[in-house]
Amino acid sequence: MLLENPIVKGTVVTIKLSSSEEVIAEYQSETSEHVLVNDPMTLAQHPQTGDISPFPWLMTAEQTNGTPINKSHISVIAASQSDVAKMHLQSTTKIALPS
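So, a few notes on the structure that sits alongside this text. (Residues numbered from 1 in each chain as written. Predicted model: local features only at pLDDT ≥ 70, side-chain atom pairs only at ≥ 80, totals over all residues. Heavy atoms only, no water.)

**Things to note about the overall build of the protein**
Stage number 1. Of regular secondary structure, the protein possesses one helix and six strands.
Stage number 2. Overall, the protein shows an N-to-C arrangement of helices and strands of β-β-β-β-β-β-α.
Stage number 3. For the protein, the proportion of contacts with a sequence separation of at least 24, taken over those separated by at least 6, is 47%.
Stage number 4. Surface accessibility of the protein: about 6,800 Å² in total, with carbon and sulfur atoms responsible for 54%. (Helix = DSSP H or I, 4+ residues; strand = E, 2+ residues; numbered from the N terminus. Contact = heavy atoms within 4.5 Å. Areas by Shrake-Rupley, 256 points an atom, 1.4 Å probe, with all protein chains shown as cover.)

**Comments concerning the environment of Thr-93**
Stage number 1. Along the chain, Thr-93 falls in helix H1 (residues 82–93).
Stage number 2. Within polar-contact distance, the side chain of Thr-93 engages the backbone oxygen of Leu-89 at 2.6 Å. (Polar contact = N/O pair within 3.5 Å; in protein donor to acceptor, adjacent residues only side chain to side chain.)

**Some thoughts on the side chain of Gln-28**
Stage number 1. Turning to its location among the elements, Gln-28 is positioned in strand E2 (residues 22–30).
Stage number 2. Assessed through its relative accessible area of 14%, Gln-28 is described here as buried.
Stage number 3. A polar atom in the side chain of Gln-28 sits 3.0 Å from the side chain of Glu-26.
Stage number 4. If we skip the residues at most four places from it in the chain, Gln-28 touches Lys-9, Gly-10, Leu-36, Val-37 and Asn-38. (Buried < 20%, exposed > 50% of the residue type's maximum accessible area, 1.4 Å probe, protein only.)

Here you go:
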């Protein structure tokens, strides 16, 4: 099945894993076995404010360019909603975007 709008490098994507985790990240590329992403994050309730906030998906891992996610663990991958993409960009670059 062909996608109408294929995901391109730099797109913020939402990846649903077979474990039910949802990962938000910047898509880089893919191979036959992996999807390579930058800055993978997950959404969780912020302990002080109670707001939903992005947190690093791999809390103790070195943040390098390119985190491979095995395709056998991916249920769905799609472009993130614009407000989620903005939230990801703000938390990874510290650039404040207008609402």
